[in-house]
Structures are given as structure tokens and as C-alpha cells.
Amino acid sequence: MPQFPDVSKSTALYARAGELIPGRVQLISRRADQFANGVSPVYAQRAKGSRFIDVDENEFVDWVNAVGAVILGHADDVVDGAVIEQIRRGSLYTLNSPLELELADELIKAIPSAQMVRYTKGGGEACAVAARIARGATGRDKILICGYHGWHDWYQAANYGVDPVSGEYPFAGIEPIGVPAGLAGSVVPFRYGDLNMLEDLLKQHAGETAAIMMEPCRSEPPPAGYLEGVQALARAHEVILIFDEVSCGWRQAIGGMQAVTGVTPDMTVLAKAMSNGYPMGAVVGAREVMEPAARMFISSSYWSDNIGLVASLTTIRELKRRDSARRFDEIGESLRRALNQALADAGMGGACRGFSSNPMLAIQSPPGVDPRKANTLFIQEMARRNVHCSLSFKATLAHTEEDIRVTGAAATEALKVVKDAIEHDRFDQLLVVDLKKEPFRRQVA
Ligand SMILES: Cc1ncc(COP(=O)(O)O)c(C=O)c1O
């Protein structure tokens, strides 16, 4: 059995972060308790392609990839080259940047719902802009939501009215501390896949609802006819339909899920993969929905920063040039095969399925066995074999057959350990870390 990696520097930094940074990290998904805390690395010093080196000098194959914000691979030469060249010309001008128009043209060409464009620096911020535009354009306040849309008040208000511990949705595990109580009821969650519930809510809040904002899907295709049904309801009730493609956009197709499903929303929110790791977000939409934004206060110093603009332009062009949809199909097919083979070779039940750019591994635990134990032990044993992953694998175009072979071999061994723990009731001996925490339950799988 390989030694656990030495992550002592990571551990020391994480302890120090407890004194300097409330919550220790800037993104909940980067907390150490999201992985095998004490075995998984927490701090990186550099990253290239499909791999990173942590602060303790361990090299890992990376299947998290900045939670999907990296799509071409870490430190992509072409994107970084364009960014470096732009830095030499100025990262933020006094005047506006023509790149804003160049990127707008590119987004409008690629995304079916896009006729006009606004920029931000991140996904949650872009969702907040979309919510502002929808409210301003309709003169109505309520928004029906399904999915994760960031940290801002407008959205976190959804957790008023549910028990944050036991509540099923929007998120078990989040209390709306610091969110004005006056916003309670302004945002109403609906269950993914349930058209009847959505219709009931639209009737209940008739005349008050500005928009439906939802993730059209995450790692699996939407149920047949579902998005069409949502669109029909939005039209019938004259509310703006917003697809939040921050996580699914660019991965299935250039142009997003709407390019795959043919269901075009009124507005779309994009971020993450659009710029291969550089801060960037966008709201795009139909002219009649976007144009009223000209009269709203939507303004920020860094939204015209050249780095995000040039990174996005180059990333989108590189996704096209590298034939991303076809290449992701090859990588995903190969990864799913390797992980399903690992399950079979280890004699474990379960399956790896889902979109090629984001396959999900489900490990079957027998009744009576807490699935969190099997999942945490799997992550621990993968980290021991220098593969950094959760159960959701975010592929990049930089992943190679060799990365997949290494991952498959590690998974076979890791799953054998899980099987041993299940069959001989040995979790207590084999798990050397606390159970992985679920930060909040998302509504869209
Ligand atoms: C669908 C979706 N919307 C919004 C966000 C928030 O984006 P950011 O973390 O850039 O604020 C995320 C982040 O994971 C997301 O997945």
C-alpha cells in the first residue's frame, strides 16, 4: 500500500488560515473538509495541464480543475500567451476597451440566446446582474429559482422559510445569516423536473414574478421535454426565462446547453469555463430584455478589465480550434470506461455516468452503510495515489490517456479498499480522516 502523501505544509497553512481568514478559504468547495482532510492537499504552488504540484512538492492528477473554471487545462500556453501580451499593453485602461465589442460579437455568434451582452468578473455577480435586469425590465420583484446562483443577498434569501439543517432545499447546510430578513419570500425555489410545481408557483405569484432562473442541467441531460415545458410556462405567464450556465456552459458545447437542447432562454448567465481560470462572467440575452439595463445602475470598475476579456476571447477560439465537443466525448468516454472497469475489477457495485466533460461516480453502498464513509474513503485512497478528485470528475482538454490510465489504476485499488471496509466492517481502521462534508445540497444533479 503506498504511503499517504506528506501534506504537512498544507496542514500548517490551513491552521494559520484559521487565524487570518474567517472560514479559512474564499470558496466553500475549497475547504479541506470537502476532500480527505489530512490526506488531500489543500494548497498548491503551481499547476500545468491536467496536474498540479502542492506546497509539499507532491504532484497530483487534477479532476477538480478549479471546480470547472479551468476547461482547456491549467496554465494553457495559448491563453496565457494572449494574457501576457495584453498585460504588456495594459490590463485596465482609463478608456473603454474595444475587446468588449470583440467578445460580444463572439458570444452573440456562439450562444443562441445572445443579442446583447454585459460583463462581470464572476458567476454569482453575473447572476445578481441578471436578477437586477429581470426585475428592472418587468417591474416585478419575485424570482423563481432552481439551482445554485451564488452568494448574493437576492439569492440567499431563498433559504428563509426552510430549516437550514434538515430542509431539503434550496440548500441544507446554509443559514441566511446576514441576508436582510426583508427579502424573505422574494425568491422562491422550485424542484428540478417538476413542471406541476413550477406551474403552481407561477399561478400563486401571478403578476409578481419577474423571472425563472435555473440551471438547465449539471452533469446529466435534462429529462425529455422538461426544458421545453419550462419555456412554455415562462411564455404563458410572461416571465423572463434565465438559464444559469455558469457550470454547464461551454462544457457540452460552445454555445452552452441551449445549443444542444434547442431550448433558448431569454437571458443566459456565463462564467467559469469561458475564460479558462481568469476572472470573468457575462450576462447575455435577447435585445428587448437586455436593453432596459441601460437605465439601471449596473456598474463596476473591473468589468472592463482586459485580462478577462482577452482570456475569454482566446478560450472560446481555442475551444473551437481544438474541436472541444468531440475531444470531450473521447476523454469522457475513456474516463467513464476506466472508472466502470475499476468498479468491476474491485467487485464493487455502482456506475460512472454523466456528461463526457463531467462524469460522476456513484459507489453503491449496501443498506446500513453510510455512503459518506465509502465516498470519503475513496477520495482518501485516490489522494494516497496522487489523484485529486471528488465523485464528480471535471475533465479538461489537457487530460491525456495516461492521466486516465493512472486514474483508473488508482480507482481500482481505492475501490478495493472501500470493498474491504464494507465487507469486513473496517471503516474505523481504514478511514484516517473525518467524513467529507457536503457544503450544501444543490438542487440540480
Ligand atoms: C450554476 C452556478 N451559478 C453561479 C455560480 C457562482 O459563481 P461564482 O463562484 O463565480 O460566484 C456557480 C458556482 O459554482 C454555479 O455553479
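Bear in mind the structure is a predicted one, so any value in this text is a computation, not a measurement.

Engineer: How should I be thinking about the environment of Val-432 in this particular structure?
Structural biologist: Along the chain, the position of Val-432 falls in the segment after helix 14 (427-430). Along the chain, Val-432 and Lys-394 lie 38 residues apart, while their C-alpha atoms are 26 Å from each other. Aside from chain neighbours lying at most four places away, what touches Val-432 is Gly-38, Val-39 and Gln-380.

Engineer: Explanation requested: the packing of helix 3 (residues 99-110) against helix 10 (residues 306-321) in the structure shown.
Structural biologist: The N-to-C vectors of helix 3 and helix 10 enclose an angle of 35 degrees; their axes lie 10 Å apart at closest approach. Of the two possible hands of crossing, helix 3 and helix 10 adopt the one that is left-handed. Contacts between helix 3 and helix 10 involve Leu-99, Glu-100, Glu-102, Leu-103, Glu-106 and Ala-110 from the first element and Asn-306, Leu-309, Val-310, Ser-312, Leu-313 and Ile-316 from the second. Grouping the amino acids of the contact of helix 3 with helix 10 by side-chain chemistry returns seven nonpolar, two polar and three charged.

Engineer: What is the right way to read helix 10 from this model?
Structural biologist: Two residues of an α-helix separated by three or four positions point the same way, owing to the 3.6 residues in each turn. Relative to the 22 Å expected for 16 residues at 1.5 Å per residue, helix 10 spans 22 Å between its end C-alpha atoms, a close match to the ideal helical length. Every buried residue of helix 10 is listed here: Ile-307, Gly-308, Leu-309, Val-310, Ala-311, Ser-312, Leu-313, Thr-314, Thr-315, Ile-316 and Leu-319. Backbone geometry just after helix 10 places Asp-323 at a positive phi near 55 degrees.

Engineer: Before we go on, may I ask you to explain the site of the ligand in this structure?
Structural biologist: Taken together, 14 residues form the shell around the ligand, and within it Gly-122, Gly-123, Gly-124, Val-246 and Ser-247 come nearest. If one sorts the elements of the shell around the ligand by residue count, helix 4 (residues 123-138) sits on top with three residues. In the shell around the ligand, the residues fall into five nonpolar, seven polar and two charged.

Engineer: In this structure, what is going on with the sheet that holds strand 3 (residues 59-62)? I would like to understand it.
Structural biologist: Note on sheets: strands pair through backbone hydrogen bonds, and any given pair is parallel or antiparallel. If you walk across this open sheet you meet the four strands as 1-2-3-13, and the pairing is mixed. The open sheet terminates on both sides in strands that have one partner only, identified here as strand 1 (44-48) and strand 13 (387-388). For strand 2 (residues 51-54) and strand 3, the ladder comprises three bridges, and the chain directions are antiparallel. By the bridge assignment, Phe-52 is partnered in strand 3 with Phe-60.

Engineer: Quick question: what am I supposed to make of the domain arrangement of the chain here?
Structural biologist: A common way to state how big an interface is: give the accessible area lost once the parts meet. Along its sequence, the chain is carved into domain 1 (8-72 + 323-430) and domain 2 (77-321). Here domain 1 and domain 2 have C-alpha centroids that lie 28 Å from each other. At the junction of the two partners, domain 1 supplies 15 residues and domain 2 supplies 16 residues. Counting residues per element, the side of domain 1 that touches domain 2 draws most heavily on helix 11 (residues 324-346), which supplies three residues. Looking at the side of domain 1 that touches domain 2 residue by residue, the classes come out as nine nonpolar, six polar and no charged.

Engineer: I tried to follow the sheet that holds strand 10 (residues 281-285) on my own but got confused; where do I start?
Structural biologist: Reading across the sheet, the seven strands line up as 4-10-9-8-7-5-6 and stay open at both edges, with mixed pairing between neighbours. For this open sheet the edge positions go to strand 4 (116-120) and strand 6 (187-189), each flanked by a neighbour on one side alone. On average, each strand axis in the sheet is inclined to that of its neighbour by 20 degrees, with strand direction left out of account. Two strands pair when backbone bridges link them, and strand 5 (residues 142-146) and strand 6 are joined in this way by three bridges, in the parallel orientation. Across the sheet, Ile-145 pairs through a bridge with Pro-189, a residue of strand 6.

Engineer: Can you walk me through the nonpolar core in this structure?
Structural biologist: Side chains of a nonpolar character, in soluble globular proteins, are inclined to be buried together. In terms of nonpolar packing, the biggest core is built from 78 residues, with Ala-130, Ile-133, Ala-134, Ile-212, Met-213, Ile-240 and Ile-242 touching the most fellow members. Here the element with the most residues in this core is helix 4; it accounts for nine residues. No fewer than three residues from each of domain 1 (8-72 + 323-430) and domain 2 (77-321) sit in this core. If we skip the residues at most four places from it in the chain, Ile-240 touches Ala-134, Ala-137, Thr-138, Ala-210, Ala-211, Asp-266, Met-267 and Val-289.

The rules we used
- Residues numbered from 1 in each chain as written.
- Predicted model: local features only at pLDDT ≥ 70, side-chain atom pairs only at ≥ 80, totals over all residues.
- Helix = DSSP H or I, 4+ residues; strand = E, 2+ residues; numbered from the N terminus.
- Contact = placed C-beta atoms within 7 Å.
- Axes fitted to C-alpha atoms, helices over the stretch in contact; angles between N-to-C directions.
- Left-handed = near helix turned anticlockwise from the far one by under 90°.
- Nonpolar A, V, L, I, M, F, W, Y, C, P; charged D, E, K, R; others polar.
- Expected span 1.5 Å × (residues − 1).
- Buried ≥ 20, exposed ≤ 12 C-beta atoms within 10 Å, placed from the backbone.
- Near = placed C-beta within 6 Å.
- Pairing = 2+ DSSP bridges.
- Domains from an automatic or database assignment.
- Core = buried A, V, L, I, M, F, W, Y, C linked by C-beta atoms within 7 Å.

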